[in-house]
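Tertiary structure, described
Residue-level listing of the chains:
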Amino acid sequence: REPKLRGVRAKRPAAMPTKVHLSSEALNAAPWAAHLVDAFLPADAPTGRPSTARGGRSGVGAQPREAPRMSPRELEEEVQRETAALLAARAASSASASAAEPASASLIPTFFRPKKNDVGFLASELRATAHRVALQYKERGLLEDDELEDLWGRITDVIARRPAEHAPTSPAEAATNEAESRISYEELRVVRDDFAAALDAANPGGDGMGRVAHYFTAKTFARFARDAHGRINGRTFMEFVVRHVALTQSRINLGCHDSDADGWLTEDDLEAFVGRSVTTMTALQSLPMGFANQYRRIATRRFMFFNDPRRRGKARISALLASDALSEFNELHAAREDDPSLAKNWFSLASAQRVYKSYLDLDLDMNGTLSKAELKKYTVDPRNAALGCTAQGLTDLFVDRLFEEHSLKGLAGARRVRADRLKPIATNVDPFVAKSMEKRRKAMESEMDFHAFLDFVLAWSDKEHPASLAYFFRVLDVNRTGALTNAEIWTFLKSIHETWTSDPDNYDLNMLDVQDEIFDMVKPAEAGKITLEDLQRCGCAGTVIEILCDHTGFWRYDNRENLPHDDEEEEGEGEGDGDLDPDDPFTAPF
């Protein structure tokens, strides 16, 4: 061993730079990666690749040759070229794979787009805040009641100051102008300027012109009917402004419950909207606290049944605004409790209590649900018995089909049934008691709850509505072919005929003649087949449904010439038949 020299510190070997090893697959995919490694190594570091001198051999004594280094610009160009080559290769591979697939696979459209629920807390809060601020901005631009009165006063003032050359030429024209307050577009522009200036004076810093300019555009004026002088009905114009303000306010109220701001409201959202609106309605001031929950359910089902035809559990806000249900609901804001016009309003307190009382009267065993035998008595009326009707109520076949086709439980009821099925049976219960409880639970599962009963009542009370026709057509379409054939019509008439012939006082009735009468009334597009579109077009679908499904309805149809008629019966009423189009920018609030 060599002796160490005193005072001389041994030199440590210099640390070699870390060598980056690249696999052959990486080098084949990106040859420029080797240049990238060499570019970031120190100048005196070996490149890790053996090189030979010109004319010599690689070995221990051979001096390594320094690889040419690339400039940053050349390196960037190389990276771009290799990236473009990789992208081109990927596109070619995708094209070859798609060509190998069948031609029909590329034509299948995307029918389901799952909603993204991976939104963070801050993003959801930002969306909710932005939605709330937008609604508040819209609400600030609405006209108040005193401002609407001021607008009508300015319209009448402009008409009164009309020059003599625009005076009516005949007494009849003068009477018409006075009744309709005819006004021209130039006069409306004067009203706009004066009214906007008054709004700015009452609220300095506010945008008065921005609040009312959209009511006075030429496009809006051209939508009204004009007379020979180019003037429109001023009262009709004012009604349009008032209705637009009311619809916009309703849109804002509904939007406050749209939690995810997608333009749809679930059943829970609508129930919250009804509960919030009830407190401000004068016609519901005497609503009992114990009946408040049932009232919200009754009112909500009216919105959902007619505006959710596909039973997705949500309704579009624009459809709610265009329906008659919302206008009837808003009538309770200013109506009195004893107003006779609310007698046929579904949302009135008397109507809601009447529906709930009918459900309790049918529930004879008081178990909270309706059996088939209990539901059959829904159409029984003691007054018909006095007129000679011996058989009343829904037919057995119709009730059986009703329980088969439609959900017997609401959403909450279905969850409760599933929870009861998963609930373990107590071991310390007497076997006889446990068997009785299990039998009762299965019986209640096959019965109709209040949620499903409301759907049936709504469909039966307005049989001509498209949602009601779709509700009953599923029951009548036994074979699920999309059309009612002679066999299906005869199947339901057979149940009527058996009850009819059981009474010896009834005359001999040929049901084939009744079947021919049904096809003559409907007049289907294809002979022998009644489709849903045929029922919607014929105008007598309610009578056909009563003939096929109800003993009382069939007796009423058979004795239609001898029964007293109600002169006050409203004609042409139907849910959703309003004159508003949710896609029309003229009637849509915003």
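Residues numbered from 1 in each chain as written. Predicted model: local features only at pLDDT ≥ 70, side-chain atom pairs only at ≥ 80, totals over all residues. Heavy atoms only, no water.

1. Focus: unusual backbone geometry
Positive phi, close to 55 degrees, is recorded for Met366, a residue that is not glycine. Positive phi is not limited to glycine here, since Lys523 has a value of about 55 degrees. Inspection of the secondary structure puts Lys523 in the loop between helix H24 (511-522) and helix H25 (532-538). Judged by its relative accessible area of 60%, Lys523 falls in the exposed class. (Helix = DSSP H or I, 4+ residues; strand = E, 2+ residues; numbered from the N terminus. Buried < 20%, exposed > 50% of the residue type's maximum accessible area, 1.4 Å probe, protein only.)

2. Quick word on the environment of Leu387
The topology assignment puts Leu387 in the loop between helix H17 (382-386) and helix H18 (396-405). Considering only alpha carbons, one finds Leu387 and Asn562, 175 residues apart in sequence, at a separation of 9.9 Å. Apart from residues no more than four positions distant in its own chain, Leu387 is found in contact with Trp555 and Leu563. (Contact = heavy atoms within 4.5 Å.)

3. Points about the nonpolar core
Formed by 83 residues in total, the largest nonpolar core has its most connected members in Tyr295, Phe398 and Phe453. Take this core: its biggest share by element is 9 residues, from helix H21 (residues 450-461). In this view, Tyr295 contacts Val274, Val278, Leu284, Leu287, Phe329, Leu332, Phe347, Ser348 and Ala352; residues no more than four positions away in its chain are not counted. Residues Ile183, Phe195, Ala196 and Val245 belong to the second largest nonpolar core, which totals 23 residues. (Core = buried A, V, L, I, M, F, W, Y, C linked by side-chain atoms within 4.5 Å.)

4. Notes on the confidence of the model for the chain
Considering every residue of the chain, the mean pLDDT works out to 78; 70% of them sit at 70 or more. Every residue in residues 585-590 is under pLDDT 50, and counting partners more than four places away or in other chains gives 19 contacts. (pLDDT = per-residue confidence, 0-100.)

5. With respect to the pattern of salt bridges
When the charged atoms of two side chains lie near each other, side chains of opposite charge can form a pair. As enumerated under the stated definition, the model contains 21 salt bridges in all. Between Arg302 and Glu328 there is a salt bridge whose closest N-O contact spans 3.3 Å. Residue Arg302 is found in helix H12 (residues 292-307), and its partner Glu328 is found in helix H14 (residues 324-330); the two are separated by 26 residues along the sequence. Residues Glu405 and Arg480 are paired through a salt bridge, measuring 3.0 Å at the closest nitrogen-oxygen approach. Highlighted residues: Glu405 in helix H18 and Arg480 in the loop between helix H22 (466-476) and helix H23 (486-501), separated in sequence by 75 residues. In this structure Arg480 comes out as exposed when scored by relative accessible area, which is 63%. Connected through salt bridges with shared partners, the residues Arg401, Glu404, Glu405, Arg474 and Arg480 form a single ionic network. (Salt bridge = Lys/Arg side-chain N within 4 Å of Asp/Glu carboxyl O.)

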